[in-house]
Amino acid sequence: MIETETYTINIGPQHPSTHGGLHVEAIMDGEEVKDAIVHVGYVHRSVEKIAESRTYAQFVPYASRLDYLASHLPTLGYVQAVEKLAGIIVPERAEYIRVIVSELSRIASHMIFVGSLAIDLGATTGMVYCFRDRERIMDMFEMSSGQRMIASYMRLGGISADLPESFYPAVESFINDLPGMIAEYHGLISGNEILQERCKDVGILSAQDAVAYGVTGPNLRASGVDYDLRRDDPYGIYPRFEFRVPTGQNGDSWDRFMVRIEEMEQSGRIIKQALRDMPSGEIQAKVPRILKPEKGREVYHRVESSKGELGFHLVSDGSDKPYRVHVRAPSFINLMVLPLICRGGKLQDVITNIATLDPVLGESDR
Amino acid sequence: MEHLFTNIAQILTSWMVSLGLPPIWADLILLIGQWTIIVVIVTLNVIVLVWLERKISGFIQERLGPNRLGPFGAFQTIADAMKLLTKEDIIPSQADRWIFMTAPMLFIVIAVMLYAVLPLGQGMEVVDLNVGLFYFISLGSLSTICLLMAGWGSNNKWSLLGAMRSVAQMISYEIPLAFSLLGVVMLAGSLNLSEIVTAQNRYWFILLQPVAFLTYFIAATAELNRGPFDMPEAEQELTAGAYTEYTGMRWALFFLAEYTNLVAVSALAATLFFGGGQGPWLPSWLWIIIKTYLIMLVFMWMKWTFPRIRMDHLMSFSWKVLIPVSLANILITGLGIEFFRGMGW
Amino acid sequence: MIGKGLLKGLGITLKHGVEKPKTIQYPEQRPYLQERFRGCLEFDYKNCIVCGMCTKACPNNVLSFETAPIEGSKKKRLVSYTIDLQYCMFCNLCVEACPTNTLFFVHDFELSTYRRDEIKKVYIPPALTQVDAGGGQAELIPQDALEPDREAEAEAKRLKQLQAMKTALSKGGQKVLAKYVDTEEDAAVLANLLQADEKKRDKMAALIVDDKEKARKVAQAFVAKERKTQAGGEEK
Ligand code: SF4
Ligand code: SF4
């Protein structure tokens, strides 16, 4: 008998495919992964602690920085949580604009997902095309809010400024071109047999495990659990829109990939409806300059971000600053299944799995 | 034009003989001269190739590629080479010094040695070996050892993984590579590369051996460690695989050797399947350059389009698909040759 | 069939390979910035009423200012205003809070500097002068409110003159030109020439406004040349 032994390699925190400061300690037997240990915290910025020393309004730009790839979504979650806490009613038009920019954010985030999956598997060109298309969304954010990535566009009780005129043609042409873009991704990335081979039956996450670990978002839906907060625990004006919640069957990397592609299409549908129904009017509710919610109130508000269920737990002590803010970061919880789905796979599958779990380390480490 | 270089060589030899040198010395000097020219050309060619690859990847990705230094950014690679030359040469303290240091040198030496038998035009090979093809293949498989040395010597797990991958990959892809060439050899009836070119006077072997070309092309991509088979390097997984610990000029030598190998393999494909230097109007050495470059363009195009294949798929693809196909190709070629011979062709 | 997807991918890359690149060659070609783009935060001290809303709104303590009391008044005056841009998140909260539009974002986005303290911007209002505000009361106002920007004014005046001269010349302007040439006839020739040739007209107009001496020389040269070509044309 040949005596073999396992060895450990550290994937990250400085590694081309860990999407930031993620550290995966892989225990290997040759090319096979015996076990993996996820270490997080390299991008810890103590966002929750910062929140305690900022006023409610001042925390908005920090919330944007949680998930910097889809910055409107965490902002939406935070401002809606505060509005719930203080009982602020948001004007109709602001709600519609919020939906439009958050769905655009979701598309942008999924485009990065597709692109980074492509580059993690070695297809550099696929990434470039995705980023090229995402650029159009970034331009729209620049039009509306003035910043491209970290927009901090939403405000307590509304949004900071109305959409400019140039925004409408841009978003319309983008939505019309979206099917073409997706067709191109299918042609170059998902149609490629090598990529299919590398994704299918890799990193299988069963529905049971997914629920047990608390996985949410596209990763959960890929495992076949039909659960989307926009439909199942609606917030804002989401009940008014018609969209399909795509699900997968096997819960492998391939399903996680396809679910996200289809979500982009559905987001396009929502934006179309929102543009059609958008009323004119106010964009900002009357909010006191110094907001002091009632003492002892406590809310938990969750939104469906591009990564999963993003929740904000706010506790008020009656002052103008929150007593405690907790962020339920979907990336963090999704990452915790990584060891489970990597076990028994190859080293290259770890890369595929990290890419298809689509964590954003800024959000996971907070 | 056609005999430009051969004529120059002849004139030089006769001039040296007329100076009173014994002919054997004249030949030796000429040989050294040829070698020097090849090494210089290979190095310069790599500079062009790196530039070309960057440009192509740029165009494919709707970028411009290098465009600042010199016309169309042509001097960018030269600047990069300067940068690499002046970089600090780091040898990790835990590395196996000698192995670590000799690996890149050996790699480039082997790569340049491949050119000895390539007919770069009619009558323009350095040595006209009668087992040229055999020489080529056996030298090609030597480069595995260099990668293994680099991986082992670095004393780094990523490097070692990359090295082990490269060994597994190269050994399993050498078999279909050699088998696919056998069909050509059977048709030409010789292992001598110039004779194989002459045998293609009527038909290029790509027409008679399309399957062999396909298997050769795939196996060659794997042998070259180019995408989608760039396992040993695998930037997104192994950071840089076997080359992780190398810096400066040592790393550049690997780079140089990889591109040199690319040229050699493409030139071999041009020789074996596309009639070598045959072609109308232009001199033969120009034709072979054109064909080689065209084949290299396809290699680059593939690299920038495809994702990397997984290691175990890579192995099973070789053993389960390529080897049976190339074996079947040999069988069919043999049957065909017998058949046509029987028909009295 | 296996390989179909591969070929399709190759086709897509080939298609984009021959397309025109989308690169914006940055330092030479400037990116198009949307109107609301938030580049650098700027401060215009003239409007500031020293209310402190901005510093209260800023989450990151980027903004700070010093004040000094104005004698005989409840108001305070600004001594210095500091924007420590390295901590700025470009979140727009201060701009929204400011009641007088004193703070605003400009499109300049090239903010990197070599040292930390270079990025800190300190605005110090110009020294104050005492003026008689009527009724025997003295008031302090900034110096440059008294001395309007001479240079800018001169430049504006020059531009106005230039425009007027151009229009005049395009409509003839013999009388103006007569000052620069010797005879009436020459002036007529020159006027015709300038009416026909816009480049020469612009040059002449600029010279007349800026440098009368040179204008004279150039005008005479124009006339001589024009005469020559006319004569040449007649001979032929
Ligand atoms: S933009 Fe935001 S961070 Fe910057 S100074 Fe204004 S309020 Fe402070
Ligand atoms: S809010 Fe505006 S006016 Fe008030 S102190 Fe700040 S800059 Fe000056």
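Right, let's walk through the structure included here.

With respect to the interface of chain A and chain C
Here's step 1: Contacts between the two partners involve 32 residues from chain A and, on the opposite side, 32 residues from chain C.
Here's step 2: Taking both partners together, chain A and chain C bury about 2,400 Å²; carbon and sulfur atoms supply 51% of that area.
Here's step 3: When residues of chain A are sorted by the area they lose upon contact with chain C, Gln 58, Glu 142 and Glu 193 of chain A head the list and together hold 21% of the total.
Here's step 4: Taken together, the connections running from chain A to chain C amount to one salt bridge.
Here's step 5: When the shortest N-O distance is used, the salt bridge between Glu 96 of chain C and Arg 155 of chain A registers 2.8 Å.
Here's step 6: Counting across the interface, chain A meets chain C through 14 residue pairs in polar contact (both at pLDDT 80 or more).
Here's step 7: Going through the elements one at a time, helix H2 (60–64), helix H5 (124–145), helix H6 (167–190) and helix H7 (193–199) of chain A are the ones with two or more residues in the side of chain A that touches chain C.
Here's step 8: Here the side of chain A that touches chain C takes eight residues from H5 of chain A, the largest share from any one element.

Let's talk about the site of ligand 1
Here's step 1: Near ligand 1, the surroundings consist of 13 residues, among which Cys 58, Cys 88, Met 89, Cys 91 and Cys 94 of chain C are the closest.
Here's step 2: Looking at the shell around ligand 1 residue by residue, the classes come out as twelve nonpolar, one polar and no charged.

Some words on a nonpolar patch on the surface
Residue and element names in this part refer to chain B.
Here's step 1: A contiguous nonpolar surface patch, about 660 Å² in accessible area, is contributed by Leu 21, Ile 24, Trp 25, Leu 28, Ile 29, Leu 31 and Ile 32.
Here's step 2: Its place among the elements puts Ile 29 in helix H2 (residues 23–60).
Here's step 3: Taking relative accessible area as the criterion, Ile 29 reaches 40% and is therefore assigned partly exposed.

Examining the state of the cysteines
Here's step 1: Tallying each qualifying case throughout the model produces zero disulfides over all chains.
Here's step 2: Not part of a disulfide, Cys 130 of chain A finds its nearest cysteine sulfur in Cys 199 of chain A, a span of 13 Å.

So, the side chain of Glu 363 of chain A
All names here are of chain A.
Here's step 1: Within the secondary structure, Glu 363 sits in helix H15 (residues 361–365).
Here's step 2: Buried and unpaired, Glu 363 has Lys 307 as its nearest opposite-charge partner, separated by 6.3 Å.
Here's step 3: Excluding anything up to four places from it in sequence, Glu 363 contacts Leu 66, Asp 67, Ser 305, Lys 307, Leu 310, Ala 329, Pro 330 and Ser 331.

Criteria and thresholds
Residues numbered from 1 in each chain as written. Chains lettered and ligands numbered in written order. Predicted model: local features only at pLDDT ≥ 70, side-chain atom pairs only at ≥ 80, totals over all residues. Heavy atoms only, no water. Contact = heavy atoms within 4.5 Å. Buried area = accessible area lost by both parts, 1.4 Å probe. Salt bridge = Lys/Arg side-chain N within 4 Å of Asp/Glu carboxyl O. Polar contact = N/O pair within 3.5 Å; in protein donor to acceptor, adjacent residues only side chain to side chain. Helix = DSSP H or I, 4+ residues; strand = E, 2+ residues; numbered from the N terminus. Near = heavy atom within 4 Å. Nonpolar A, V, L, I, M, F, W, Y, C, P; charged D, E, K, R; others polar. Patch = residues over 30% accessible without salt bridge, like charges linked within 9 Å, V, L, I, M, F, W, Y side chains within 5 Å. Areas by Shrake-Rupley, 256 points an atom, 1.4 Å probe, with all protein chains shown as cover. Buried < 20%, exposed > 50% of the residue type's maximum accessible area, 1.4 Å probe, protein only. Disulfide = S-S within 2.5 Å. Lys, Arg positive; Asp, Glu negative; His and termini not counted.

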